[in-house]
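One letter stands for each residue in the lines below.
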Amino acid sequence: MNSDIQYEISQFLYYEAYLLDHRKYREWLELLDDDIQYTMPLRVTVDNKMGSNLNTEMTYFADSKKDIEIKVERLYTKSAWVENPPTRQRHFISNVVVEPCFSSNDYKVRSYFLFKRSRSSEAKTEELFGEREDIIRKVNGKWKIAKRTVYPDQSVLSVMNVSMFL
Amino acid sequence: MRTIDWKEVEKNIENGRFPQWLVTDPEIYELEKERIFGRTWQFLAHESELKEPGSFVTRMMVDDPIILVKNKNGEINAFLNSCSHRGVRLCTEDYGNKKAFSCPYHGWTYNLNGELIGVVAGNKVFGESMDKSEWGLRPVPRVESYQGMIFGNLDPDAMSLEDYLGEMKWYFDIMLGRSDGGMEVRGVPQRWVAKANWKMTSENFAADPYHVQTTHRSAVELKLTPSDPLYASYGHQVVLSNGHGINVITSATGRSNNIYQGMPESMWSMFEKNLNKEQLDIFSRVQNFVGGVFPNLSFLSSCSGTEGTKYNHLQFRVWRPLGPDQVEIWIWYMIDKALPEDYKEKSYKGFIATFGAAGTLEQDDTENWARIVEASQGLMARDRNLSYNNMLNYLMGLDYLDPDENFPGPGKAYPTCYTDHIARSMHKYWLELITKEPEVKSHE
């Protein structure tokens, strides 16, 4: 992969994480392409012979841009109690691998994530971790996320809710 | 264990007061596991999760791991998921299909009926004295089902599942038995761990439409739900036997904006065939059914959809206690098999947008459930002598509401859902079970 593209896309993902961690959700929304498919299937514990240990029939979310807009606007209301007072969040993004796609503007991007959250005055923190598969696209000279699939590693999530964007 | 003044507890519960120390007290939790979860019917699976002979799922009855498996005759059996040799958890998979279950420790193997069929080196090491038929998997004492819902009970002397569900069966028929071919579970249940006490989460679904206007106010701010603070109150709160209950939420006019919860007209003739006149009347007027089967199975049949058309979705959920202040939430999404695929897809999207770990409504519930246990574990909240008068308030509707005699369904139907009648009934049944000493059985 062209090292400029690799660098640009990595920087784009870090910038995205910065916006989310600083609760700039409306700005984050600008990074999503209009036809984005944003999904998080379930990890399951199954025998090796089943091939995949993901169950894609059920998901934690399967959002369109419109669905994400509602979730974002909700966070700007006065009564989204789960984030008011806000939790403190960090998205650690690593192991970014960029591959070209059939369309010359699109790139298939794999990254690992570790999400940590501190809520209220609790000493114990929450975490989620796994892998993301994105299609990242150049639209009018700007990078946009055209598709994201979030694969959690836990079959029973240890976060009390999935109020965060991953 | 310190002495508990149950008479005092009873007096308070009768008067709509639930002592706060009972919520997360560790000794109470131990009693609940033995006397409530050890005696009541626990939901295990829906029949559609076990399609072929050899299909299995693993589940939990509080701390007991359970295997449910379909045998060659199509019968579903449930066993303790523990090898009878050294107690190893036999199967760690969530689901799959097997001809036999083999233990990875010493290789003992069981067939789909739970019979021990293979012992490595068999007679050479155990001799002739070991009778394999004595060492099969231990069956869950009682397994029964209703409308495809499979339940287990650890008490061999428990009343039948149908007797236990009682009047709830009439409402299950509407939600689960309305269409030809019945319901199917989509994929697998969502699972996650929340900070909450199981009683409070059960109550949230079974007995508490009053929380909707505040907990879910963000939906009002976004104009997704009506601004009328009474909107979740319209309809009836119906108290059923054995601590069960259902809220039949309609609207200010007593009717629904979406007949049959937004089900397509192509389904209506099935409903008319499978339901009686009274069931159809309620089903045509309801916006939301929300309720619970005591102790920890909850359900919601609702309508969702952001762009005009509404789609019905049905969810069942188990609050598996992991401790006094933790639950593992399991949610099964179900849909009528007979519906067109396009409708199923839209219904599913409406469900996950609002409920489940990432659902916009559910997120704020988890925050409030956490805050209850965070404030209930200190000395002052757990004061048993109640010198601080630490009572949770269940006074709503206590002395002024009478049941509506014209309500067409079974149960005691109060003419609003903003009342604590179901919660008080849950508390009474909880008290009845928790104060009942285990019977000492003589083995002769």
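The name that an unreviewed UniProt entry assigns to chain A is 3-phenylpropionate/cinnamic acid dioxygenase subunit beta, with the source organism given as Aeribacillus composti.

Visitor: Can you tell me about the environment of L386 of chain B, naming the residues and giving the values?
Guide: Residues and elements named next belong to chain B. Of note, L386 is situated in the loop between α13 (360-374) and β20 (391-393). Considering only alpha carbons, one finds L386 and L116, 270 residues apart in sequence, at a separation of 54 Å. Beyond its immediate stretch of four places on either side in the chain, L386 contacts N12, P19, W21 and M391.

Visitor: An account of the pairing of strand β3 (residues 55-61) of chain B is requested, with residue identities and associated values reported.
Guide: Residues and elements named next belong to chain B. The buried fraction of β3 is high, at seven of seven residues. Neither face of β3 is left uncovered, since the one carrying S55, V57, R59 and M61 and the one carrying F56, T58 and M60 both have all their residues buried. Strand direction decides the pairing type here: β3 and strand β6 (residues 95-97), joined by three bridges, are antiparallel. Within the sheet, the bridge partner assigned to S55 lies in β6 and is N97. Of the pairings in the sheet, the one linking β3 to strand β4 (residues 64-70) comprises six bridges and is antiparallel in character.

Visitor: If you had to explain the sheet that holds strand β4 (residues 106-118) of chain A to someone new, which residues and values would you point to?
Guide: Hydrogen bonds between backbone atoms are what pair the strands of a sheet, whose relative direction is either parallel or antiparallel. All names here are of chain A. Spatially, six strands are ordered β2-β1-β6-β5-β4-β3 in an open sheet, and the strand pairing comes out mixed. Sheet topology places β2 (54-63) and β3 (88-100) at the edges, where each strand pairs with a single neighbour. In this sheet, neighbouring strand axes are inclined to one another by 25° on average, regardless of whether the strands run parallel or antiparallel. Relative to strand β6 (residues 142-152), strand β5 (residues 126-139) runs antiparallel, the two being bridged by ten bridges. Within the sheet, the bridge partner assigned to E131 lies in β6 and is Y151. Strand contacts of helix α3 (residues 65-74): β1 (32-43) and β2, with the helix running at about 80° to β1, the strand carrying the most contacts.

Visitor: Would you mind going over the sheet that holds strand β2 (residues 42-46) of chain B in detail, with residue names and values included?
Guide: Residue and element names in this part refer to chain B. Pairing in this open sheet of three strands is antiparallel, and the strands run β2-β11-β10 from one edge to the other. Strands at the two margins of the open sheet, each flanked by one partner only, are β2 and β10 (142-146). Across this sheet, the average inter-strand angle for adjacent strands is 30°, counted without regard to direction. Note that β2 and strand β11 (residues 149-153) share four bridges and pair antiparallel.

Visitor: How would you explain the interface of chain A and chain B if you had to name every residue and give the values?
Guide: In this complex, chain A contributes 38 residues to the contact, which on the side of chain B involves 43 residues. Counting the surface lost from both chain A and chain B, the interface buries some 3600 Å², and carbon and sulfur atoms represent 55% of this. Contact with chain B buries surface across chain A, with M58, W81 and M160 of chain A losing the most and accounting together for 19% of the total. Here chain A is connected to chain B by four salt bridges. Between K195 of chain B and E122 of chain A there is a salt bridge; the shortest N-O distance is 3.3 Å. Our count for the chain A to chain B interface comes out at 26 residue pairs in polar contact (both at pLDDT 80 or more). Listing elements by their share of the side of chain A that touches chain B, those giving two or more residues are β2 and α3 of chain A.

Visitor: Would you mind going over helix α11 (residues 277-285) of chain B in detail, with residue names and values included?
Guide: Think of an α-helix as turning once every 3.6 residues; residues three or four places apart then point the same way. Burial in α11 of chain B covers these residues: Q279, L280, I282, F283, S284 and R285 of chain B. Where α11 of chain B begins, the capping side chain belongs to N276 of chain B, and its oxygen is found 3.1 Å from the backbone nitrogen of E278 of chain B.

Visitor: Go over the nonpolar core with me, naming the residues and quoting the values.
Guide: All names here are of chain B. One finds F172, F271, F289 and W430 to be the most contacted residues of the largest nonpolar core, which totals 159 residues. Counting contributing residues, this core receives three or more from each of domain 1 (42-146) and domain 2 (166-434). Dropping the residues within four chain positions of it, F289 is found in contact with I174, M175, I246, N247, V248, Q261, I282, F283, F299, L300 and S301. One finds I67, F79, M130 and L137 within the second-largest nonpolar core, a separate group that totals 16 residues.

Visitor: Provide a residue-level description of the side chain of N153 of chain B, including the pertinent values.
Guide: Residue and element names in this part refer to chain B. Considering the arrangement of structural elements, one finds N153 in strand β11. Its relative accessible area of 0% is what places N153 among the buried residues. In terms of polar contacts, N153 uses its side chain to reach the backbone carbonyl oxygen of R39, at 3.2 Å. Look past the residues within four positions of N153 in its chain and what remains in contact with it is G38, R39, T40, W41, M61, V140, P141, R142 and A158.

Visitor: How would you sum up the packing of aromatic side chains? Please name residues and give values.
Guide: Aromatic ring pairs: the centre-centre distance and the angle between the two ring planes describe each pair. The full count for this structure, using the stated rule, is 30 aromatic pairs over all chains. Relative to Y38 of chain A, the ring of W28 of chain A lies with its centre 6.4 Å away and its plane at 65°, an arrangement referred to as edge-to-face. In this pair, W28 of chain A is assigned in helix α2 (residues 25-29) and Y38 of chain A in strand β1, connecting sequence segments ten residues apart. For W28 of chain A, a relative accessible area of 1% translates into the label buried. Taking 5.6 Å as the distance between ring centres and 55° as the angle between the ring planes, the aromatic pair formed by F205 of chain B and W319 of chain B counts as tilted. Placement of the pair is F205 of chain B in helix α7 (residues 198-207) and W319 of chain B in strand β18 (residues 311-323), with a sequence separation of 114 residues. Under the relative-accessibility criterion, F205 of chain B is labelled buried at 4%. Put simply, the rings of Y25, W28, Y38, F61, Y76 and F165 of chain A pair up and form one aromatic cluster. We note R26 of chain A situated over the ring of Y76 of chain A; from NZ or CZ to the ring centre the distance is 3.7 Å. Taking the ring centre of Y348 of chain B as reference, the NZ or CZ of R186 of chain B above it sits at 3.6 Å.

Visitor: Explain the domain arrangement of chain B residue by residue, including any values.
Guide: Residues and elements named next belong to chain B. As assigned here, chain B comprises domain 1 (42-146) and domain 2 (166-434). Computed over C-alpha atoms only, the centres of domain 1 and domain 2 are separated by 34 Å. With 14 residues of domain 1 at the interface, the matching set in domain 2 holds 18 residues. When residues of domain 1 are sorted by the area they lose upon contact with domain 2, F43, H46 and Y146 head the list and together hold 43% of the total. One can count one salt bridge joining domain 1 with domain 2. Between R191 and D94 there is a salt bridge whose closest N-O contact spans 3.6 Å. Applying the counting rule to domain 1 against domain 2 returns four residue pairs in polar contact (both at pLDDT 80 or more). If you list the elements that add at least two residues to the side of domain 1 that touches domain 2, you get β2 and β3. Considering each element in turn, the side of domain 1 that touches domain 2 owes the most residues, four residues, to β2. Looking at side-chain class alone, the side of domain 1 that touches domain 2 contains six nonpolar, four polar and four charged residues.

What counts as what
Residues numbered from 1 in each chain as written. Chains lettered and ligands numbered in written order. Predicted model: local features only at pLDDT ≥ 70, side-chain atom pairs only at ≥ 80, totals over all residues. Heavy atoms only, no water. Helix = DSSP H or I, 4+ residues; strand = E, 2+ residues; numbered from the N terminus. Contact = heavy atoms within 4.5 Å. Buried < 20%, exposed > 50% of the residue type's maximum accessible area, 1.4 Å probe, protein only. Pairing = 2+ DSSP bridges. Axes fitted to C-alpha atoms, helices over the stretch in contact; angles between N-to-C directions. Buried area = accessible area lost by both parts, 1.4 Å probe. Salt bridge = Lys/Arg side-chain N within 4 Å of Asp/Glu carboxyl O. Polar contact = N/O pair within 3.5 Å; in protein donor to acceptor, adjacent residues only side chain to side chain. Core = buried A, V, L, I, M, F, W, Y, C linked by side-chain atoms within 4.5 Å. Domains from an automatic or database assignment. Phe/Tyr/Trp six-rings, centres within 6.5 Å; stacked < 30°, edge-to-face > 60°. Lys NZ or Arg CZ within 6 Å of the ring centre and 35° of its normal. Nonpolar A, V, L, I, M, F, W, Y, C, P; charged D, E, K, R; others polar.

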